[in-house]
Amino acid sequence: MEIPHKKAVIFQEILQRLLAGRYRFGERISVKDIGEETGISRQPIMTALNSLQERGFVRITAQVGCEVIAPSADEVEDFYRMFAAVEGVIAGLAATRASALELASLREINSQLDAPGPDAASPEAYRRINVQFHRQLHQMAHSPLICNRQLANFELSDFFIVQSCGFAAHLKRVVDEHDSVIEAIASGDPRRADAAAQAHILSVSASVLGHLRGLAA
């Protein structure tokens, strides 16, 4: 009998493989191979894959199997328009609800992206610190229902970045874009904060779409 927590473990294992680029757009995912590699049986693996299908990462076809999604550039653009709009709502809420201490924490996290050192500008560090930045921003909105749903969108965005331009493509712009979001929130103007957050997400979108459309040309 499977230990219940194995369902969560295998979900995270497959998700991290997707976020690391181990599986590419359109690639088949073998339940048998995952089972052999992890020692986990078919049922919890399929449960994990069904959850990942609900979140947009994979597609399961009866009697055929599971494969990583292969969206068109237009579909990815549609996703980022939705993603940016929700992040704008969250930043707008933060502009009217965040405390001074929360805002200071957001500034401190962003400063880590601009810190000197051999690892400061690595794609791996960027992704880790960027996750921290947006989690803090979401906390500042004090709207857990919206923010919990948005975290799943961040994972899908990271997946699209890995499949296209890579995290290094945005390293030079991220600190300034985050600063714009911070200052907009600090102003207490929800419209300004909304616009700054959307501009940041759409800037990432431009890098992803530029790569995908370049490949299709």
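Just above, that's the structure.
Residues numbered from 1 in each chain as written. Predicted model: local features only at pLDDT ≥ 70, side-chain atom pairs only at ≥ 80, totals over all residues. Heavy atoms only, no water.

Visitor: Which residues make up the overall build of the chain, and what values go with them?
Guide: A tally of regular secondary structure across the chain gives nine helices and three strands. Listing every helix and strand of the chain by position from the N terminus yields α-β-α-α-β-β-α-α-α-α-α-α. Against the globule reference of 17 Å for 217 residues, the chain gives a C-alpha radius of gyration of 19 Å, in line with a compact fold. Principal axes of the C-alpha set define a box for the chain whose edges measure 55 × 45 × 35 Å. Evaluated residue by residue, the chain yields a buried proportion of 44% over its 217 residues. A separation of at least 24 residues holds for 77% of the contacts in the chain among residues at least 6 apart in sequence. (Helix = DSSP H or I, 4+ residues; strand = E, 2+ residues; numbered from the N terminus. Rg over C-alpha atoms; globule rule 2.2 N^0.38 Å. Buried < 20%, exposed > 50% of the residue type's maximum accessible area, 1.4 Å probe, protein only. Contact = heavy atoms within 4.5 Å.)

Visitor: I'd like to hear about the packing of aromatic side chains, residue by residue, with values.
Guide: Working definition: an aromatic ring pair is given by the centre-to-centre distance plus the angle between the planes. Throughout the structure, instances matching the rule amount to 11 aromatic pairs. For the pair F79 and F83, a centre-to-centre distance of 5.5 Å together with 25° between the ring planes defines the contact as stacked. Within this pair, F79 and its partner F83 are both found in helix α4 (residues 73-97), separated by four residues, close to a single helical turn. Taken individually, F79 and F83 each receive the classification buried, so the pair is uniform in this respect. For the pair F159 and F160, a centre-to-centre distance of 5.9 Å together with 40° between the ring planes defines the contact as tilted. Exposure class is identical for F159 and F160. Each is buried. Three or more aromatic residues joined by ring pairs form one cluster here, namely F25, F57, F79, Y80, F83, F154, F159 and F160. (Phe/Tyr/Trp six-rings, centres within 6.5 Å; stacked < 30°, edge-to-face > 60°.)

Visitor: Please provide a residue-by-residue account of the pairing of strand β3 (residues 65-68), values included.
Guide: Covered by surrounding structure in β3 are C66 and V68 only, the residues G65 and E67 on the alternate face being uncovered. Pairing between strand β1 (residues 28-29) and β3: two bridges, direction antiparallel. Residue pairing across strands places R28 opposite E67, the latter belonging to β3. In this structure, strand β2 (residues 58-61) lies alongside β3, joined through four bridges in antiparallel fashion. Of the residues in β3, the one forming a bridge with T61 is G65. Joining the antiparallel neighbours β2 and β3 is a turn of three residues, in which Q63 adopts a positive phi near 70°. (Pairing = 2+ DSSP bridges.)

Visitor: Give a detailed account of helix α1 (residues 5-19), specifying residues and quantitative values.
Guide: When the terminal C-alpha atoms of α1 are compared, their 21 Å separation across 15 residues agrees well with the 21 Å that a helix rising 1.5 Å per residue should span. Buried residues of α1: I10, F11, I14, L15, R17, L18 and L19, and no others. Each element contacted by the buried residues of α1 is listed here: α2 (31-38), α3 (42-54), β3, α6 (123-141) and α7 (144-163). Residue G21 follows α1 closely and has a positive phi angle near 80°. (Expected span 1.5 Å × (residues − 1).)

Visitor: For the pattern of salt bridges, give the residues involved together with the corresponding values.
Guide: Taken as a whole and assessed by the stated rule, the structure comprises 10 salt bridges. The salt bridge involving R173 is made with E177; its shortest N-O contact spans 3.8 Å. Taken together, the positions of R173 and E177, both in helix α8 (residues 171-186) and four residues apart, correspond to about one turn of that helix. Overlapping salt bridges, with partners in common, bring together E13, R17, R22 and E37 in one network. (Salt bridge = Lys/Arg side-chain N within 4 Å of Asp/Glu carboxyl O.)

Visitor: Kindly report on helix α9 (residues 190-216), identifying the contributing residues and their values.
Guide: With 27 residues, α9 should reach 39 Å at 1.5 Å per residue; the first-to-last C-alpha distance of 38 Å fits that figure. A193, A196, A197, H200, I201, S203, V204, S205, S207, V208, L209 and L212 are the residues of α9 that are buried. Backbone nitrogen of R191 and a side-chain oxygen of the N-cap are separated by 3.0 Å at the start of α9; the cap is D189. (Polar contact = N/O pair within 3.5 Å; in protein donor to acceptor, adjacent residues only side chain to side chain.)

Visitor: Summarise the environment of S111; cite the residues concerned and give the values.
Guide: With respect to the helices, strands and loops of the structure, S111 is situated in helix α5 (residues 100-112). Here the alpha-carbon distance between S111 and I129, two residues 18 residues apart in the chain, equals 9.7 Å. From its side chain, S111 meets the backbone oxygen of E108 in a polar contact 2.5 Å long.

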